[in-house]
Amino acid sequence: MTIPVIIDCDPGIDDVMALTLAFAHPELDIKLITTEPGNQTQAKTIHNALAFTSYMKKDIEIARGLDNPFFRQLEIADEVHGDNGLGDVHFPEPTIQLSNRTAIEAMKETLLSSDEQIVLIATGPLTNVGALLLAHPEIKSKIKYISYMGGAAVGGNMTPTTEFNVYVDPHAADIVFRSGIPIIMSGLDVTHKAYVTKEELNRIEAIGSDFAQKVVQMLRFYVHAAKQTAFHEDGFENHIRLHDLCAVSYVLTPELFEGDDCYVAVELEGKLTTGTTVVDYAQRTGLPHNVKVLHTVHREKFVEQFLSAVQTMSRQIG
Ligand code: RIB
Ligand code: CA
């Protein structure tokens, strides 16, 4: 049984790890990949999506999303993901051409033409998804759920209370969280536990393929950068957090995760807190649950799943 998915991303080092897992599992029927700026500018995230998907020898439509957040000035994470967005690791020039459909057109048409509901995997700012919902609300019933890397019940990696993806475009995130579409939120609460260690990096390196080397180079850049920046998170040195991987892993193996059904809303007016995902764990608002907030992952199995994906893709691309 295959699961039809659309992947919306801002590649981005951990976005590429998420794509690796998705590409390695044929049970995910990837209908479309859409990109937006976030970790890097739109031009670079598009290039990275095209180049990586080409390198992985996957023939999947890739469509350009919106160039900027709804209202906020775009802030990118080049300190963490590097000048090219992939930790200065370069892939061969893409052989896939960018779709002549925009992301919004492609998502709308893919969803409406599907005879089954599609899972939307989102690993960047929610600009595209928010715009899709505003422009074409009729597609809501065609989305089974959104598996989203973003937000946090506690803490943040951009401000004390905001996670990067929601921080970049909180207004789009607000549209999505109020949409009524079920959301599985892989926020920092779970992604901080979804890490590989330096020893596990060495296991990836031992695979010995060109792709494995690129994965290790990207993740070693990611660690180095995180130590130097405002993104620095305690213990990052040996906890290389594969945030976006959670959003794909959950679709493949939800049994690796635990979470709570909660009411979650996005703060839009706080001087210090705009972009915060306010998670009502204790049901204080009495408002209906709209999000499953993940808080636990079986890390060892999660890591084995990723290492196996790197091995699989190394064999496939030769
Ligand atoms: O906060 C982590 C998120 O921000 C990940 O999606 C990472 O790729 C960056 O976009
Ligand atoms: Ca991302």
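Residues numbered from 1 in each chain as written. Chains lettered and ligands numbered in written order. Predicted model: local features only at pLDDT ≥ 70, side-chain atom pairs only at ≥ 80, totals over all residues. Heavy atoms only, no water.

Caption draft 1: Geometry of the pairing of strand β9 (residues 257-266). As judged from the six bridges shared by β9 and strand β11 (residues 291-297), these two strands associate in the antiparallel manner. When the bridges of β11 are listed, Gly259 appears paired with Leu294. Where β9 and strand β10 (residues 277-280) come together, four bridges link them in antiparallel fashion. Each bridged residue has a counterpart across the sheet, and for Tyr263 the counterpart in β10 is Asp280. (Pairing = 2+ DSSP bridges. Helix = DSSP H or I, 4+ residues; strand = E, 2+ residues; numbered from the N terminus.)

Caption draft 2: Expanded view of helix α9 (residues 198-205). When we look at burial in α9, the residues that qualify are Glu200, Leu201 and Ile204. All buried residues of α9 lie within an arc of 110 degrees about the axis, which places them on one face of the element. (Buried < 20%, exposed > 50% of the residue type's maximum accessible area, 1.4 Å probe, protein only. Arc of directions from axis to C-beta.)

Caption draft 3: Local environment of the side chain of Asn290. For Asn290, the position within the fold is in the loop between β10 and β11. Its relative accessible area of 17% is what places Asn290 among the buried residues. At 2.8 Å, the side chain of Asn290 forms a polar contact with the backbone nitrogen of Val264. Here Asn290 is in contact with Phe177, Ile181, Pro182, Ile183, Cys262, Tyr263 and Val264, once residues within four sequence places are set aside. (Polar contact = N/O pair within 3.5 Å; in protein donor to acceptor, adjacent residues only side chain to side chain. Contact = heavy atoms within 4.5 Å.)

Caption draft 4: Here's a closer look at the site of ligand 1. Surrounding ligand 1, one finds 13 residues, the nearest of these being Asp14, Thr123, Asn157, Glu163 and Asp244. Measuring from an oxygen atom of ligand 1, one finds a side-chain N or O atom of Asp10 at 3.2 Å. In the model, an oxygen atom of ligand 1 is placed 2.9 Å from a nitrogen or oxygen of the Asn39 side chain. Computed on the free molecule, ligand 1 has an accessible area of 280 Å², of which 97% lies beneath the protein chains in the complex. Listed by contribution, the elements that provide at least two residues to the shell around ligand 1 are α1 (13-23) and α6 (164-168). A class-by-class count of the residues in the shell around ligand 1 yields two nonpolar, six polar and five charged. (Near = heavy atom within 4 Å. Areas by Shrake-Rupley, 256 points an atom, 1.4 Å probe, with all protein chains shown as cover. Nonpolar A, V, L, I, M, F, W, Y, C, P; charged D, E, K, R; others polar.)

Caption draft 5: Layout of the sheet that holds strand β2 (residues 28-35). Taking strand neighbours across the sheet as the criterion, the nine strands line up as β3-β2-β1-β4-β5-β6-β11-β9-β10 in an open arrangement whose pairing is mixed. Single-partner strands in this sheet number two, and they are β3 (62-64) and β10. Going from strand to strand, the sheet's axes swing by 30 degrees on average, the running direction of each strand aside. Bridging between β2 and β3 involves three bridges; their strand directions are parallel. Residue Thr34 lies in a different strand from β3, and its bridge partner there is Ala63. (Axes fitted to C-alpha atoms, helices over the stretch in contact; angles between N-to-C directions.)

Caption draft 6: Seen up close, the packing of aromatic side chains. For the structure on display, the rule yields ten aromatic pairs. Between Tyr55 and Phe211, the aromatic rings sit 6.1 Å apart at their centres with planes inclined by 50 degrees, giving tilted as the arrangement. Of this pair, Tyr55 sits in helix α2 (residues 42-55) while Phe211 sits in helix α10 (residues 210-228), and the two are 156 residues apart along the sequence. Judged on exposure class, the residue Tyr55 and its partner Phe211 are both buried. Aromatic rings pair up to connect Phe23, Phe52, Tyr55, Phe91 and Phe211 into one cluster. When the ring centre of Tyr167 is taken as reference, the NZ or CZ atom of Arg72 above it lies at 4.6 Å. (Phe/Tyr/Trp six-rings, centres within 6.5 Å; stacked < 30°, edge-to-face > 60°. Lys NZ or Arg CZ within 6 Å of the ring centre and 35° of its normal.)

Caption draft 7: Spatial organisation of the pairing of strand β4 (residues 118-122). Of all five residues in β4, five are buried; the element is thus mostly enclosed. Going residue by residue along β4, you find Ile118, Leu120 and Ala122 tucked away on one face and Val119 and Ile121 tucked away on the opposite face as well. Two elements, strand β1 (residues 3-9) and β4, share four bridges in a ladder whose sense is parallel. Among the inter-strand pairings, Val5 is bridged to a residue of β4, identified as Val119. Relative to strand β5 (residues 143-149), β4 runs parallel, the two sharing four bridges. Looking at β5, one finds that Ala122 is bridged to Tyr148.

Caption draft 8: Expanded view of unusual backbone geometry. In this model, Asp88 sits at a positive phi of 60 degrees, which is unusual for a non-glycine residue. Relative to the helices and strands, Asp88 is located in the loop between α3 (78-81) and α4 (103-113).

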